[in-house]
Amino acid sequence: RATQGAYPPGSTFKIITMAAGLETAGLEPTSTFFDPGYWDGLGEAFRKLNWKPGGDGTIDLVTGLSASNNTVFYEVGKRVQDVDPFALPDMARSFGLGSTTGITGLVEVAGVIPDPDWKVRELGEAWVPGDGVNMAIGQGYVQATPLQMAVAYAAIANGGKVYRPQIVEKIGSSNEPPEEIFAPEVINTLPITPDHLQAIQEGLRGVIVGAKGTAGFVFRGFPQTVAGKTGTAEAGGPGQESHAWFAAYTPYENPQIVVVVFLENGGQGSYNAAPLARQVMEAYYGLPLTPPPAAPPAGPIDR
């Protein structure tokens, strides 16, 4: 499933939308938005709701990522779309989405990163602004594998280098032949300035420690610093439970590992997927495993 299952990435995709907004739409980390709980950027007839009833009021872009604020990212997606409808798809491809990673020994699917040409070719329909807006929150036609999302978050964590994932680091030898080492392979560098990359990192850290963060309750008491992103992606079919995502890295200051948890039709990313990521990190650090919370916090968590 990690390489052959392609799914809508939901809010885990917002790091890519934020990058495109910062690099192509003239936005800054401190750019502010007003969220009344909905977004009418395509007209009242096409109103889209934030997952949080009542909204967040005035909120800046970095905090919008921490809060997983859909109103903010609908607007960012529209602004990027207005500048260039290919800008967001191109940014997604720079992270490695839309193509196989090239990992050795596993069958992969490429997923889907739609753009105007793709829609005409595959569906025979013209691209409309709503396509770019839906893509901005990781919905619509976009699909990614869990491994692709791990590669994307590793690139944010390490400062912008997109690595080809490997299963084998080295093949040891006691005598002959000599030890065979598989060196890390950089396949791309993210087209993001250092200041903008740092802003995305700060937004991901705020998911854990910010006042509006969507996964802080999961990591209370965890002894290492964590940055991450929750995601709850609509599965598409009527009555189907949402897909649950959580992508994270630790420690924040000097990342060593990236963990991506994906639960097909698994519900909320924050409540269902994030606790499993904490357990993976606890196992990595040799800590006792913390049982998942018995019940989610009051009110909505994350879409």
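1. Focus: the overall build of the chain
When helices and strands are counted, the chain shows nine helices and 11 strands. Scaling as 2.2 N^0.38, a compact globule of 303 residues should have a C-alpha radius of gyration of about 19 Å, and the chain matches this with 19 Å. Projecting the C-alpha coordinates of the chain onto the three principal axes gives extents of approximately 70 × 45 × 40 Å. The burial tally for the chain puts 50% of its 303 residues in the buried class. Of the accessible surface of the chain, which amounts to about 13,400 Å², a share of 52% is contributed by carbon and sulfur atoms. Within the chain, the 30 negative side-chain charges are centred at a point lying 6 Å from the centre of the 19 positive side-chain charges.

2. Structural notes on the packing of helix α1 (residues 14-24) against helix α4 (residues 87-94)
Orientation of α1 relative to α4, taken along the N-to-C sense of each, is 120°, at an axis distance of 9 Å. Relative to α4, α1 is oriented oblique. Here the hand of the crossing between α1 and α4 comes out right-handed. Residues I16, T17, A19, A20, E23 and T24 of α1 lie in contact with α4, whose contacting residues are A87, L88, M91 and A92. When its residues are assigned to classes, the contact of α1 with α4 shows seven nonpolar, two polar and one charged.

3. Considerations on α1
Among the 11 residues in α1, nine count as buried, and that is most of the element. Immediately beyond the C-terminal end of α1, within one or two residues, lies G26, with a positive phi of roughly 75°.

4. A word on the packing of α1 against helix α8 (residues 194-209)
Between α1 and α8, whose axes approach to 10 Å, the crossing angle comes to 145°. Judged by the twist between their axes, the crossing of α1 over α8 is right-handed. Between α1, through I15, M18, A19, L22 and E23, and α8, the contact on the second element is made entirely by H196, A199, I200 and L204. A per-class count over the contact of α1 with α8 returns seven nonpolar, one polar and one charged.

5. Digging into helix α7 (residues 146-158)
When the terminal C-alpha atoms of α7 are compared, their 18 Å separation across 13 residues agrees well with the 18 Å that a helix rising 1.5 Å per residue should span. Listed as buried for α7 are P146, L147, Q148, M149, V151, A152, Y153, A155, I156 and A157. Packed against the buried residues of α7 are α1, β5 (161-163), α8, β9 (227-233), β10 (243-250) and β11 (257-263). Trailing α7 by a residue or two, G159 shows a phi angle of about 105°, which is positive.

6. As for the pattern of salt bridges
Evaluated as defined, the whole model comprises 14 salt bridges. Taking the shortest distance from any N to any O, the salt bridge between D56 and K212 comes out at 3.2 Å. A residue pair is termed long-range when its members are at least 10 positions apart, and D56 in the loop between β3 (48-49) and β4 (57-60) and K212 in the loop between α8 and β9 qualify at 156 residues. Look at K212 and you get partly exposed, because its relative accessible area is 33%. Across the pair K170 and E179 runs a salt bridge, and its minimum N-O distance is 3.7 Å. By relative accessible area, which is 42% here, E179 ends up partly exposed. The structure contains a network of salt bridges with shared partners spanning K52, D56 and K212.

7. Here we look at the environment of V280
One can find V280 in helix α9 (residues 269-284). Here V280 falls in the partly exposed class, since its relative accessible area comes to 40%. As a C-alpha pair, V280 and V260 span 20 residues in sequence and 9.7 Å in three-dimensional space.

8. Overview of the sheet that holds β10
In space, the three strands of this open sheet follow the order β9-β10-β11, with antiparallel pairing throughout. On the outer flanks of this sheet lie β9 and β11, each paired with one strand and no other. When strand polarity is set aside, the average angle formed by the axes of neighbouring strands in this sheet is 5°. The sheet contact formed by β9 and β10 spans seven bridges and is antiparallel. Within β10, the position partnered with T230 by the bridge is F246. Contacts between α7 and the sheet are confined to β9, β10 and β11, with β11 contributing the most and set at about 145° to the helix.

Rules and cut-offs
- Residues numbered from 1 in each chain as written.
- Predicted model: local features only at pLDDT ≥ 70, side-chain atom pairs only at ≥ 80, totals over all residues.
- Heavy atoms only, no water.
- Helix = DSSP H or I, 4+ residues; strand = E, 2+ residues; numbered from the N terminus.
- Rg over C-alpha atoms; globule rule 2.2 N^0.38 Å.
- Buried < 20%, exposed > 50% of the residue type's maximum accessible area, 1.4 Å probe, protein only.
- Areas by Shrake-Rupley, 256 points an atom, 1.4 Å probe, with all protein chains shown as cover.
- Lys, Arg positive; Asp, Glu negative; His and termini not counted.
- Charge placed at Lys NZ, Arg CZ, Asp CG, Glu CD.
- Axes fitted to C-alpha atoms, helices over the stretch in contact; angles between N-to-C directions.
- Parallel < 35°, antiparallel > 145°, perpendicular 65-115°, else oblique.
- Left-handed = near helix turned anticlockwise from the far one by under 90°.
- Contact = heavy atoms within 4.5 Å.
- Nonpolar A, V, L, I, M, F, W, Y, C, P; charged D, E, K, R; others polar.
- Expected span 1.5 Å × (residues − 1).
- Salt bridge = Lys/Arg side-chain N within 4 Å of Asp/Glu carboxyl O.
- Pairing = 2+ DSSP bridges.

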